[in-house]
Amino acid sequence: MAAGNHSTVTEFILAGLTEKPELQLPLFLFFLGVYVVTVVGNLGMITLIGLSSHLHTPMYYFLSRLSFIDLCYSTVVTPKMLVNFVTEKNIISYPECMTQLYFFVFFIISECHMLAVMAYDRYVAICNPLFYNVTMSYQVCSWLVVEVYTMGLIGAIAHTSCMLKVVFCKDKIINHYFCDVFPLLEISCSSTYINEVVVLCFSVFNILAPTLTILGSYVSIIASILRIPCTEGRSKTFSTCSSHILAVTIFYGSAAFMYLPSSNITSMDQSKVSSVFYTIIVPMLNPLIYSLRNKRVKVALNKIMEKRLSCILKDF
C-alpha cells in the first residue's frame, strides 16, 4: 500500500471525539474501562463455550464466532481512539489508516451476516426442531461461518481498493476518531463517484440481505410460537430468541442512525456518537446480553467457577 502512488499525503490527523481538554481524561478512563470489559467479556464467552461441553451446539458455536468478531473490530478501533485522548495530535500514517479501514469493514460486514446466520439458526431450531441436528450439522455451520467471513473479505477488499485510488490533497484532518469511509471521502480532492457507488451497492446488499433474513426468520418464528397452546411454552420458546433480538436491535439501530442522512449541521458529531455506540459499546454489551439473559450460559459459568473453587480449596 504505497502512499506515494495515489496520494499527496503520507499521514492523517484524527480529530477524535472532542477537542475540550477537560473531557480528555474522563473519556480516556471511561473508554479504557469499556475496552477492558469488552476484552474480558468476549474472551470469557469464547473460553466458556470452548470449555463447556453442553454448550457445543450450533447456537453457541455461532455465539463464540460473534464474540470473536466483536473483540476484533473493537480492537481495530478503540486502542487508536484511546491514544487520541493522551496525545496533542493523534497522527495515523496512510498505510495504517488504510489497514484500519480494511479490517474495520471486514469485521463490521461479518457482524451483519453473523447476526443473520444466528437468526436462521433460531428459525430452524423453533420451526423445524425434528430436522435441526441434520440441517445445522457441524459441516453446515462451518460453511455458514466461511460464508460470513467471505462476505466481509469481499467488502473489505472492494472498499479499500477504491479508497487507495482516492487523492487526498486538500486537508489531512479526518473529522472522526478512526478511518471510516465517509470521513475519508470528505477530505478527498479527486472524484469519489466510484467510491459512492461501491458504498451504495455494498451497503444495500450487506444491510438488506441480512435484514431480510432476520425479518423472515422471526416472522416464521413468531408464527410458530403463536401456534403453541400454553402460555408457558410460548414464553420459554421466545426466551431462546430474546438475547439475539436485543443484540440485533442495538446493533442495527445505532448503525442506521450513523448512516442515515441528516440535514443538521451537527450531523458529523451525531455520527461520532452513534458510531461510538456500535463500534465500542455494542461489542461490550453483546457478551453481557448473552450471559445475563441466557440460563445455559449462567449454568455453565457457575459449574466452571465451582470446579475452580473446589480445586483451590483442595490445595489448602
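For the structure, see preceding data.
What counts, and where the lines are drawn
Sequence order sets the numbering: in each chain, residues are counted from 1 along the sequence as written. Local features are withheld for residues below a pLDDT of 70 in this predicted model, meaning they are given only at 70 or higher, and side-chain atom pairs are given and counted only at 80 or more; totals for whole chains, interfaces and linings count all residues. Heavy atoms throughout the structure, all of them, feed into the side-chain values; hydrogens and water do not. Numbering of helices and strands runs from the N terminus, with a helix taken as a DSSP run of H or I at least four residues long and a strand as a DSSP run of E at least two residues long. With a 1.4 Å probe rolled over the protein chains alone, any residue whose accessible area is under 20% of its type maximum counts as buried; one over 50% counts as exposed, and the rest are partly exposed. Should any heavy atoms of two residues lie within 4.5 Å, those residues are considered in contact. Accessibility throughout is a Shrake-Rupley quantity obtained with a 1.4 Å probe, and a residue counts as covered only by protein chains that appear here. A side-chain nitrogen of Lys or Arg and a carboxyl oxygen of Asp or Glu constitute a salt bridge if their distance falls within 4 Å. Here, a disulfide means two cysteine sulfur atoms that sit within 2.5 Å of each other. For the purposes of these results, a polar contact is taken to be a pair of N or O atoms within 3.5 Å, where, inside protein, one atom must be able to donate a hydrogen and its partner to accept one; residues adjacent in sequence count only when each atom of the pair is a side-chain atom. Planes of paired rings set the category: under 30 degrees apart is stacked, over 60 is edge-to-face and the rest tilted, where pairs are Phe, Tyr or Trp rings (Trp by its six-membered ring) whose centres lie within 6.5 Å. We treat two strands as partners when DSSP finds at least two bridges between them. All axes here are fitted lines through C-alpha atoms, helices being fitted over the stretch that makes contact, and every angle between N-to-C directions spans 0 to 180 degrees. Helix span is expected to be 1.5 Å times the residue number reduced by one.

*Asks:* Could you give an account of the overall build of the chain, naming the residues involved and the relevant values?
*Replies:* For the chain, the count of helices and strands is 10 helices and three strands. Buried positions account for 47% of the 316 residues belonging to the chain. Across the chain, every contact between residues at least 6 apart in sequence was considered, and the portion connecting residues at least 24 apart equals 79%. Carbon and sulfur atoms make up 68% of the accessible area of the chain, which totals about 16200 Å².

*Asks:* Quick one: what's the story with the pattern of salt bridges, residue by residue and with numbers?
*Replies:* Inspection of every chain in the model, using the stated rule, returns two salt bridges. K172 is the salt-bridge partner of E11, the closest N and O atoms lying 3.6 Å from each other. Taken together, the positions of E11 in strand β1 (residues 11-14) and K172 in the loop between α5 (138-164) and β3 (173-174) put the pair 161 residues apart, joining distant regions of the chain. On the basis of relative accessible area, K172 is assigned to the partly exposed category, the value being 32%. We note a salt bridge from D121 to R122, for which the minimum N-O separation is 3.1 Å.

*Asks:* Could you give me a rundown of the state of the cysteines, with the residues and numbers involved?
*Replies:* Per the stated rule, a full pass over the model turns up one disulfide. Put simply, C97 and C179 are joined by a disulfide, and their sulfur atoms are 2.0 Å apart. Where C97 bonds to C179 through sulfur, the torsion about that S-S bond is close to -125 degrees, and the disulfide is left-handed. One end of the pair, C97, is in helix α3 (residues 94-127); the other, C179, is in the loop between β3 and α6 (181-186), and 82 residues separate them in sequence. Judged by its relative accessible area of 0%, C179 falls in the buried class. C241 provides the cysteine sulfur closest to C127, a residue in no disulfide bond, and the two sulfurs are 8.8 Å apart. We classify C127 as partly exposed; its relative accessible area is 23%.

*Asks:* Can you tell me about the side chain of S64, naming the residues and giving the values?
*Replies:* By secondary structure assignment, the location of S64 is in helix α2 (residues 58-86). The class for S64 is buried, based on a relative accessible area of 6%. Polar contacts involving the side chain of S64 include one to the side chain of R65, which spans 2.9 Å. Those residues in contact with S64 that lie beyond four places of it in its chain are I46 and I49.

*Asks:* Before we move on, could you go through the packing of aromatic side chains and cite the residues and values that matter?
*Replies:* The final tally for this structure, using the stated rule, is 16 aromatic pairs. Measuring from centroid to centroid gives 6.1 Å for F106 and Y149, while their planes differ by 15 degrees, and the two rings are stacked. With F106 in helix α3 and Y149 in helix α5, the pair connects residues that are 43 residues apart, well separated along the chain. Exposure remark for F106: the relative accessible area of 13% places this residue in the buried category. A connected cluster of aromatic rings, assembled from ring pairs, spans Y102, F103, F106, F107 and Y149.

*Asks:* Can you explain the sheet that holds β1? Please cite residues and give values.
*Replies:* What holds strands together in a sheet is hydrogen bonding between their backbones, with the strands either parallel or antiparallel. Reading across from one edge, β2-β1-β3 is the order of the three strands in this open sheet, with mixed pairing throughout. With one partner strand each, in any of the chains shown, β2 (90-93) and β3 form the two edges of the open sheet. The sheet contact formed by β1 and β3 spans two bridges and is parallel. Bridged to I13 within β3 is I173. Packed on one face of the sheet, α2 meets β1 and β2 and runs near 140 degrees to β2. The sheet contacts of α3 involve β1, β2 and β3, and relative to β2 the element is tilted by about 85 degrees.

*Asks:* I'd like to hear about the environment of T211, residue by residue, with values.
*Replies:* Tracing the backbone through its elements, the reader meets T211 in helix α7 (residues 193-226). With a relative accessible area of 26%, T211 lands in the partly exposed category. When the C-alpha atoms of T211 and H113 are compared, they prove to be 9.0 Å apart, with 98 residues separating the residues in sequence. Here I207 takes part through its backbone oxygen, which lies 2.5 Å from a polar atom of the side chain of T211.

*Asks:* If you had to explain α7 to someone new, which residues and values would you point to?
*Replies:* Taking 1.5 Å of rise per residue, the 34 residues of α7 would be expected to cover 50 Å, and the 48 Å separating its terminal C-alpha atoms lies within 8% of that figure. Taken together, the buried positions of α7 are N195, V198, V199, N206, P210, I214, S217, Y218, I221, S224 and I225.

*Asks:* Could you give me a rundown of the side chain of N195, with the residues and numbers involved?
*Replies:* Looking at the element boundaries, N195 is found in helix α7. Judged by its relative accessible area of 6%, N195 is buried. Beyond its immediate stretch of four places on either side in the chain, N195 contacts C162, M163, V166 and L185.

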